[in-house]
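Remarks on the overall topology
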Amino acid sequence: MSPTRLCVPGDKLCSVEDCIMGTGVYLRHGYIYSSLAGYVLRKNEGEELPVISVVRETEVQLLPDVGAIVTCKVTSINSRFAKVHILYVGSTPLKDLFRGTIRKEDVRATEKDKVEMHRSFRPGDIVLAKVISLGDVQSNYLLTTAENELGVVVAHSDAGEHTVTLLWRDGGVQPQVETGDRKIIIQFMSTSDLHCPHSYERRKLCVLVCVSVF
Amino acid sequence: MPTDTKRVRAPEVSQSPSLFSCGPAVVLPSHGARADGRQRDQVDVRPVFVRCGLVSQAKGSAYIEAGDTKLLCSVYGPKETERKDETDMKCGRLTTDMRFAPFSCPERGSWIQGSQDKNFSLMLQESLQPALCLHKYPRSQIEVNVMVLENSGSVQAHAITCASLALADAGIEMYDLVLGCSIRQDGSSYVVDPTYLEENNWSSSEHQGGLTVAFLPSLNQVSGLQSDGEMTEETLTAGIRTCIEGCYKLYPVIQQALVKAVRRAAPES
């Protein structure tokens, strides 16, 4: 890599014939210009031309984009959808508040009409979801949990302060383990262990850690 | 009569405090050297001090001092827009707010925005909007707040420069920096980067006016233009060219300040 060089927005970096555009740059009249104030990075990624991008070391501001996995917290539930606050995009925490909605039909992939929202989510649950749409004028980001790796990760029990381990079926929450007062529950299960014949095509489980606090 | 020893007696004759205030404003000469030693009819901008990253709570911030004019700008965002309409779905929104501190002008102002403040905010938004890559921030809002701490002339121009610096410091993607410069046309001569007295010096000659230009140096485009007063067409076009030259003079200083800020935030990786 060539020595890092600093640039400001609007700096002409190189011609489009020398490099491929990465992040933090834009193309104009056959030249690549920088659009951020930061370090210029040229990487050879195996294609013919190196990729040029401008990075700032401070956390990159990510916006939830279509297809991104986000971590969110349920704020309110309804019979038709659940409203969430998006906290993390991937592994980057967000500084500002973004709102999302998980519709009833997006909770799981099978038996979509038999979903009961109040059994699938509770306010305060932390959920892993995927963005399917930026939404239109009235709505917020639309999220889905209808995949194997998505769904509720951490939940609070009815008692309030104690957290429970959850096994969930196809994305919905089914509190299987009781809220033991002094129990520390750590359960790791893999999906292959618990494949059993059931009316659902596959029981969906996930690696869950949970700590119960007393 | 027993004297009252606990109170300080007031003078028997009272006078109005305005008698003790400064005299009427000095009328500046319209030729010869300017009050602070700069030259007329030359692109002589005041030296600036710029620093980024002063406001820790904001995403990005910048402080600029030019002569006695002091401005502070902070940028928040991108955050979710509260009020949405059709255009927001595709690109972000920029909101600007420019306020004068009550102690900034020679006459005390109020905290509530007057109509002039709103005009400044609008001009700021119009100048900054073309430079931002708003299509990369759909459904989001970027807030720019400028606070004028001391108004010693040419506030609009320096606010534009300060705001674009703060935006670059915040990591918002921009096509180019926006620099501002203003001139004051006084009869046949002009002064670049006027001070407060020079700005408000309305003498009776013709062709009096002021001009503020917001310029993108690398793309060579003018993004904002505001003028008031009475000027002929040639004067106006010459004035725009002068302002553009003034912006070019500022450009290296602004670049340096940004580079320093990036280095300070993240030493060589």
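Sequence order sets the numbering: in each chain, residues are counted from 1 along the sequence as written. Labels follow written order: the first chain is A, the first ligand is 1, and so on. pLDDT decides what is reported in this predicted model: residues at 70 or higher carry local features, side-chain atom pairs at 80 or more are listed and counted, and totals for whole chains, interfaces and linings draw on all residues regardless. Only hydrogens and water are removed before side-chain values are computed, so all heavy atoms of the structure are retained for them.

Chain B carries the name Exosome complex component MTR3 in an unreviewed UniProt entry, which gives Oryzias melastigma as its organism. UniProt positions are given in the numbering used here, feature names are shortened, and annotations may be inferred rather than shown by experiment. Annotation of chain B in UniProt includes, under Function (unreviewed entry), the sentence "Non-catalytic component of the RNA exosome complex which has 3'->5' exoribonuclease activity and participates in a multitude of cellular RNA processing and degradation events."

By the naming in an unreviewed UniProt entry, chain A is Exosome complex component CSL4, taken from Oryzias melastigma.

A few words on the overall build of chain A. Where helices and strands are cited, they refer to DSSP runs of H or I of at least four residues and of E of at least two residues respectively, numbered from the N terminus. The helix and strand tally for chain A stands at one helix and 18 strands. A 1.4 Å probe rolled over the protein chains alone gives each residue an accessible area, and that area as a share of the maximum for its type sets the label: buried under 20%, exposed over 50%, partly exposed in between. Sorting the 214 residues of chain A into buried and exposed places 44% on the buried side. By the convention used here, residues are in contact when the closest approach between their heavy atoms is within 4.5 Å. Considering only residue pairs separated by 6 or more positions, chain A has 52% of its internal contacts joining residues 24 or more positions apart. Residue-level accessible areas treat just the shown protein chains as cover; the underlying method is Shrake-Rupley with a 1.4 Å probe. Element-wise, carbon and sulfur atoms account for 51% of the exposed surface of chain A, whose accessible area totals about 11300 Å².

Our next topic: the pairing of strand β9 (residues 221-229) of chain B. Of the strand pairs in this sheet, strand β8 (residues 208-216) of chain B and β9 of chain B are connected by eight bridges, and their pairing is antiparallel. Paired with L216 of chain B across the two strands is Q221 of chain B, which belongs to β9 of chain B. By definition, two strands form a pair when at least two bridges between them are found by DSSP.

Before going further, it helps to examine the sheet that holds strand β4 (residues 93-100) of chain B. Residues and elements named next belong to chain B. With respect to topology, five strands assemble into an open sheet ordered β1-β2-β3-β5-β4, the strand pairing being mixed. Since the sheet does not close on itself, it has two edges, and those belong to β1 (48-52) and β4, each with one partner. For this sheet, the mean inter-axis angle between neighbouring strands, taken without regard to orientation, is 15 degrees. Strand direction decides the pairing type here: strand β3 (residues 69-80) and strand β5 (residues 140-150), joined by nine bridges, are antiparallel. Lines fitted to C-alpha atoms define the axes, with helix axes restricted to the stretch in contact, and inter-axis angles between N-to-C directions lie between 0 and 180 degrees.

All names here are of chain B. Because side chains alternate across β1, one face comprises the buried residues V48, V50 and C52, and the other comprises F49 and R51, none of which is buried. Two strands pair when backbone bridges link them, and β1 and strand β2 (residues 60-66) are joined in this way by five bridges, in the antiparallel orientation. Directly across from V48, in β2, lies its bridge partner A66.

For each domain, the first and last residues come from an automatic or database assignment. Segmentation of chain A into domains returns domain 1 (6-55) and domain 2 (68-165). Distance from the C-alpha centre of domain 1 of chain A to the C-alpha centre of domain 2 of chain A: 37 Å.

Attention shifts here to the interface of chain A and chain B. At the junction of the two partners, chain A supplies 34 residues and chain B supplies 38 residues. In short, buried area is how much 1.4 Å probe accessible area vanishes from two parts on joining, totalled over both. Both faces considered, chain A and chain B share a buried interface measuring about 2900 Å² in area, 56% of it formed by carbon and sulfur atoms. Any Lys or Arg side-chain nitrogen found within 4 Å of a carboxyl oxygen on Asp or Glu counts as a salt bridge. Across the chain A-chain B interface, the total number found is zero salt bridges. Mapped by element, the contributors of at least two residues to the side of chain A that touches chain B are β4 (25-28), β5 (31-34), β6 (38-43) and β10 (92-103) of chain A. Of all the elements, β10 of chain A adds the most residues to the side of chain A that touches chain B, at five residues. In the side of chain A that touches chain B, the residues fall into 15 nonpolar, eleven polar and eight charged. Charged means Asp, Glu, Lys or Arg here, nonpolar means Ala, Val, Leu, Ile, Met, Phe, Trp, Tyr, Cys or Pro, and polar covers whatever is left, Gly included.

Considering all chains together, one arrives at eight salt bridges over all chains under this definition. For the salt bridge of E80 of chain B with R139 of chain B, the shortest nitrogen-to-oxygen distance reads 3.9 Å. Within this pair, whereas E80 of chain B is found in strand β3, its partner R139 of chain B is found in the loop between α1 (115-128) and β5, the two being separated by 59 residues in sequence. Residue classification places R139 of chain B among the buried residues on the basis of a relative accessible area of 1%. The network of salt bridges with common partners includes R103, E105 and D106 of chain A.

Attention now moves to helix α2 (residues 155-169) of chain B. With 15 residues, α2 of chain B should cover 21 Å at 1.5 Å per step; its first-to-last C-alpha distance of 21 Å lies within 8% of that length. At the C-terminal side of α2 of chain B, G171 of chain B shows a positive phi close to 80 degrees. Given the number of residues in a helix, its expected span is that number minus one, multiplied by 1.5 Å.

All right, on to the sheet that holds strand β7 (residues 51-55) of chain A then. Residues and elements named next belong to chain A. Taken together, four strands build an open sheet; the order of strands is β1-β6-β7-β3 and the sheet is mixed. Strands with a single pairing partner mark the edges of an open sheet, and in this sheet they are β1 (5-7) and β3 (20-21). Bridge analysis of β3 against β7 gives two bridges, and the strand direction is parallel. Each residue of the ladder has a partner; that of M21, found in β7, is I52.

Turning our eyes to something else, we now look at the environment of G77 of chain B. Within the secondary structure, G77 of chain B is located in strand β3. A sequence separation of 66 residues divides G77 of chain B from E143 of chain B, and the C-alpha atoms of the two residues are 6.2 Å apart. Contact partners of G77 of chain B, with chain neighbours within four places excluded, come to D96 of chain A together with K59, Q141 and I172 of chain B.

As a further point, take the environment of H135 of chain B. All names here are of chain B. Looking at the secondary structure, you find H135 in the loop between α1 and β5. Sequence-wise, H135 and C243 are 108 residues apart; in three dimensions their C-alpha atoms are separated by 30 Å. Residues within four places of H135 in sequence aside, it is in contact with K90, C91 and Y175.

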